[in-house]
Amino acid sequence: MSASESLPGVIFVMIGPGGAGKNAIMRAIIAGSRSIRQLPTATTRPMRPDEKQGREHHFVSRVIFRHMLRDGQLLEHQEVTPGKYYGIPRQLVIDCLQAGKARIADIEVLGAQKLATAFPQNVVQIFVTVPGAKIDAQLNVLEERMRLRADTITDIDSRLQRAKEIELPYQSRCDHIVVNDRLSSAIEATRQIIEAEMAARRLQEAAS
């Protein structure tokens, strides 16, 4: 499929470092919307107690993930943390966009970049970050939040390194930035962004 094809659907991609609150914001958006659902990505990490197969992710073994990769079923894939692979199922994205659906997803930087490149008219990138005038200050906030939620030292170190080198520098390339200082305010800011984007698309469709 050519990326230049006109597709009616839209995918809102939540991007940001671990501890920024992307998933909490995304869950609130989904809970408050009749039409927006999560775009499930494929992952080899274990399913968490509050998750459901096929809703947040397609939880697969490493063997199945390798088969998906070999068969060209993934638009992109990354090892986000050691031993935990994520990938975007190509056909699922195409089906959603062709059907005119609105989807939201938590996708890491490189995946978001490839998705936006493949479907530039259908992807809205929303970067979620934490307060702090400089990257070092933001990293301190992220570390504190990860310690409060009892992440392991290994995971914290790995995520902080990704945040410093890859994620935080990417925010200037996103369509919108949401600073999660207070969760309720960040949720409302994200909701307003989505509503404005959806309204603009409806106007564009009506004018075409």
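For the structure, see preceding data.
So, here's what we can say about the structure. (Residues numbered from 1 in each chain as written. Predicted model: local features only at pLDDT ≥ 70, side-chain atom pairs only at ≥ 80, totals over all residues. Heavy atoms only, no water.)

**Quick notes on the environment of Leu-69**
Spelled out, the test is: Only runs of H or I of at least four residues qualify as helices and only runs of E of at least two qualify as strands under DSSP, and these elements are numbered from the N terminus. Relative accessibility thresholds used throughout: buried, under 20% of the residue-type maximum; exposed, over 50%; partly exposed, between the two (1.4 Å probe, protein chains only). In what follows, residue pairs with any heavy atoms lying within 4.5 Å of each other are defined as contacts.
Mapped onto the fold, Leu-69 is located in helix α2 (residues 62–70). Judged by its relative accessible area of 37%, Leu-69 is partly exposed. As for Leu-69 and Pro-89, which are separated by 20 residues in sequence, their C-alpha atoms are 9.5 Å apart. In this structure, Leu-69 is in contact with Leu-74 and His-77, ignoring residues within four places of it in sequence.

**Thoughts on the sheet that holds strand β5 (residues 74–81)**
Note the cut-off: Should DSSP find at least two bridges between two strands, the strands are regarded as paired. Each axis is a line fitted through C-alpha atoms, and for a helix only the stretch in contact is used; angles between axes span 0 to 180 degrees, taken between their N-to-C directions.
Spatial ordering of the open sheet is given by β4-β3-β6-β5, a layout of four strands whose pairing is mixed. Edge strands, defined here as strands with exactly one partner in the open sheet, are β4 (57–59) and β5. Within the sheet, the average angular offset between the axes of one strand and its neighbour, ignoring direction, is 25 degrees. Pairing between β5 and strand β6 (residues 84–89): six bridges, direction antiparallel. Note that in β6 the partner of His-77 across the bridge is Gly-87. Strands β3 (41–43), β5 and β6 of the sheet are contacted by α2, whose axis makes an angle of about 140 degrees with β5. Contacts from helix α4 (residues 109–118) reach β5 and β6 within the one sheet, and its direction differs from that of β5 by about 165 degrees.

**Describing the layout of surface pockets**
Applied cut-off: Grid points spaced at 1 Å over the protein atoms alone were grouped into cavities, where a 1.4 Å probe fits but cannot get out, and pockets, open sets with protein on both sides within 12 Å along at least five of seven lines, with lining residues defined by an atom within 4 Å of a point. Grid points are joined across faces, edges and corners, and a volume is the space filled by probe spheres set on the points.
What the largest pocket holds in volume is close to 960 Å³. Broken down by secondary-structure element, the contributors of at least two residues to the lining of the largest pocket are α1 (22–31), β5, β6 and α6 (153–167). The greatest single-element share of the lining of the largest pocket, amounting to five residues, is contributed by α1.

**Structural notes on the pairing of strand β8 (residues 123–129)**
Burial analysis of β8 places seven of its seven residues in the buried class, the great majority of the element. Burial of the side chains of β8 extends over both faces: Val-123, Gln-125, Phe-127 and Thr-129 are buried on one face and Val-124, Ile-126 and Val-128 on the other. Bridging between strand β1 (residues 10–15) and β8 involves five bridges; their strand directions are parallel. Looking at β8, one finds that Ile-11 is bridged to Val-123. When β8 meets strand β9 (residues 176–179), the two strands line up parallel, connected through four bridges. Residue pairing for β9: Phe-127 is matched across the bridge by Ile-177.

**Notes on the sheet that holds β1**
With parallel pairing, five strands are arranged side by side in an open sheet as β2-β7-β1-β8-β9. With one partner strand each, in any of the chains shown, β2 (37–38) and β9 form the two edges of the open sheet. Examined bridge by bridge, β1 and strand β7 (residues 102–106) share five bridges and lie parallel to one another. By the bridge assignment, Ile-11 is partnered in β7 with Arg-103.

**With respect to α6**
The set of residues buried in α6 consists of Asp-155, Ile-156, Ser-158, Arg-159, Leu-160, Arg-162, Ala-163 and Glu-167. Check the buried side of α6 and you find it contacts β5, β6, α4, β8 and α5 (135–148).

**Observations concerning the side chain of Arg-45**
Let me state the cut-off plainly: Here a polar contact is recorded for every N or O atom pair within 3.5 Å, except that within protein the pair must consist of a potential hydrogen donor and a potential acceptor, and residues adjacent in sequence are included only if both atoms are side-chain atoms.
Residue placement: Arg-45 occurs in the loop between β3 and β4. A distance of 2.7 Å separates polar atoms of two side chains, one belonging to Arg-45 and the other to Glu-51. Within the local environment of Arg-45, its side chain forms a polar contact with the side chain of Tyr-86, the two groups lying 2.9 Å apart. With residues up to four places along the chain from it excluded, the contact list for Arg-45 reads Glu-51, His-57, Phe-59, Lys-84 and Tyr-86.

**As for the packing of aromatic side chains**
Here is the rule we go by: In summary, the pairing rule links any two rings of Phe, Tyr or Trp, Trp by its six-membered ring, whose centres are within 6.5 Å, and it sorts them by plane angle into stacked for under 30 degrees, edge-to-face for over 60 and tilted for everything else.
Applying the stated rule across the entire model yields one aromatic pair. Where Phe-65 meets Tyr-85, the ring centres are 5.9 Å apart and the plane angle is 45 degrees; that geometry is what we call tilted. Remark: Tyr-85 occurs in strand β6 and Phe-65 occurs in helix α2; sequence separation between them is 20 residues.

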